[in-house]
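Residues per chain are reported as follows:
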Amino acid sequence: MRYPTRFALALVLVSQSAFAEIHASDCERAAKYSESRRGSAVLVMQNGRTIFEHYANDGSANRRWPIFSGTKSFWGIAALAAVQEGLFRLDDPVSDTITEWKDDPRKSRITIRQLLSQTDGIESASLLQRPSIHDRNAMAIALPSVAEPGSAFIYGPSHLQIFSELLRRKLGRRNVISYFEAHVSNRLGLHDLNYKKDARGNPLPATGFELTAREWARLGELIVGNGNYHRRQIVRSNVLREAFVGSQVNPAYGLTFWLNQQAPNGREADMERMLDLPWQSAQWAGVCICKDAPADMVVALGSHYQRLFIIPSLKAVIVRQGSGGNFSDAEFLRLVLGRRE
């Protein structure tokens, strides 16, 4: 009586494994789609091995490419490393450290979690990215509050710049960049990164890194490994999970990572176009990146369709780099995953 039951279970497991396997032929179709839309690189890894790699339009395996806001997710990992070390808790008030905010009726209620989820209500301040600014941190903490904390998703460089100042103060005599390198980039084997430092030496956490597709994939391997990269623990799994919880005002964004958790019944949206809208107009409820991709997919996302797609349930890491173009995340993912209509 047991044999048929075990046999049936084996069939189910084989069926699930076959469905979860990503095929090089599907990746090739996805790469052609990407290339036709100014794509420079496609790299697909599954179960720790590279199953597909393709370069075009001036891309190459050894060429570093700007990942723009994909930089934010690396600093999100640094924030979690600091939580793990006990420097602060995510729900601590920022004003405990940035004491200039103590008497402000709004800023005094902002938490570190809200900084990392861009729901603190602070003005986005894209001007912080200008290289001429002498002290970005000072400018960032002086920015006005334009919404109640937790009431709006306002995407921009201000939030992580404020976090950078908070981390600087928490570290005391330790340097922010040195901390990032010791706890994140060096452990991933990433060196000579562009921090876009201001005259005071403050990094610009919102953007700036340039990486090869293979280098960027290491961040994906870390997440698929539940906080471990090549058997080295960078962040404990229970701490890492905090990054993948959306906020009430934007369930599609966690702590520096984009989320697909509203799939399969969500409304597919081009996140870059959504971010071009005034923050007051963007509607994030029910939005997903691809309704045909697993709901546990998380994404590090940069301008001009730089993408690091990470699907823990498939143990898959997918990098796409390029120079813009009329690109669709959803269509690309359907091709990679073999789920074309």
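Our structure's up above, just so we're on the same page.
Parameters and conventions
- Residues numbered from 1 in each chain as written.
- Predicted model: local features only at pLDDT ≥ 70, side-chain atom pairs only at ≥ 80, totals over all residues.
- Heavy atoms only, no water.
- Pairing = 2+ DSSP bridges.
- Helix = DSSP H or I, 4+ residues; strand = E, 2+ residues; numbered from the N terminus.
- Axes fitted to C-alpha atoms, helices over the stretch in contact; angles between N-to-C directions.
- Parallel < 35°, antiparallel > 145°, perpendicular 65-115°, else oblique.
- Contact = heavy atoms within 4.5 Å.
- 1 Å grid on protein atoms, 1.4 Å probe; cavity = no way out; pocket = protein on both sides within 12 Å on 5 of 7 lines; lining within 4 Å.
- Points joined across faces, edges and corners; volume = space filled by probe spheres on them.
- Nonpolar A, V, L, I, M, F, W, Y, C, P; charged D, E, K, R; others polar.
- Salt bridge = Lys/Arg side-chain N within 4 Å of Asp/Glu carboxyl O.
- Buried < 20%, exposed > 50% of the residue type's maximum accessible area, 1.4 Å probe, protein only.
- Phe/Tyr/Trp six-rings, centres within 6.5 Å; stacked < 30°, edge-to-face > 60°.

Undergrad: A description of the sheet that holds strand S1 (residues 39–46) should follow, citing residues and the corresponding values.
TA: Taken in spatial order, the six strands line up as S2-S1-S12-S11-S10-S7 in an open sheet, and their pairing is antiparallel. Lying at the two open borders of the sheet, with one neighbouring strand each, are strand S2 (49–55) and strand S7 (258–259). In this sheet, strand S12 (residues 316–322) lies alongside strand S11 (residues 306–311) in antiparallel orientation, the contact comprising five bridges. In the strand pairing of S12, Arg307 is matched with Arg320.

Undergrad: For the packing of helix H3 (residues 70–85) against helix H7 (residues 176–185), give the residues involved together with the corresponding values.
TA: Relative orientation of the contacting elements H3 and H7 amounts to 85°, with a least axis distance of 10 Å. In terms of axis orientation, H3 runs roughly perpendicular to H7. Here Phe74, Trp75, Ile77, Ala78, Ala81, Ala82 and Glu85 of H3 come into contact with H7, specifically with Val176, Tyr179, Phe180, His183 and Val184.

Undergrad: Can you break down the layout of surface pockets residue by residue, with the values?
TA: Empty space within the largest pocket amounts to approximately 530 Å³. Forming the boundary of the largest pocket are 26 residues, of which Tyr155, Gly156, Leu275, Asp276 and Ser303 lie nearest the centre. Put simply, the parts of the chain that give the lining of the largest pocket at least two residues each are helix H10 (271–276) and strand S10 (298–302). For the lining of the largest pocket, the element with the most residues is H10, which contributes four residues. For the lining of the largest pocket, the per-class residue count stands at 14 nonpolar, nine polar and three charged.

Undergrad: Residue-level account of the pattern of salt bridges, with values.
TA: Summed over all chains, the structure comprises 20 salt bridges. Residue Asp329 pairs with Arg307 through a salt bridge whose shortest N-O separation is 2.9 Å. Here Asp329, found in helix H11 (residues 329–336), pairs with Arg307, found in strand S11; they are 22 residues apart in sequence, far enough to count as distant. Of the residues examined, Arg307 reaches a relative accessible area of 0% and is grouped as buried. What emerges from the salt-bridge pattern is a single network uniting Glu100, Glu165, Arg168 and Arg169.

Undergrad: Quick rundown of the packing of aromatic side chains? Include the residues and the values.
TA: Within this structure, the stated rule accounts for 19 aromatic pairs. Summarising the aromatic geometry, the rings of Tyr155 and Trp258 are spaced 6.0 Å apart at their centres and angled 45° between planes, so their arrangement reads as tilted. Of this pair, Tyr155 sits in the loop between helix H5 (136–141) and helix H6 (158–171) while Trp258 sits in strand S7, and the two are 103 residues apart along the sequence. On the accessibility criterion, Tyr155 (21% relative accessible area) is partly exposed. For Trp258, a relative accessible area of 1% corresponds to the buried category. Both rings, one in Phe244 and one in Phe257, keep their centres 5.4 Å apart while their planes meet at 75°; by these two values the pair is edge-to-face. Of this pair, Phe244 sits in the loop between helix H9 (237–240) and S7 while Phe257 sits in the loop between H9 and S7; the two residues are 13 residues apart in sequence, bridging distant segments of the chain.

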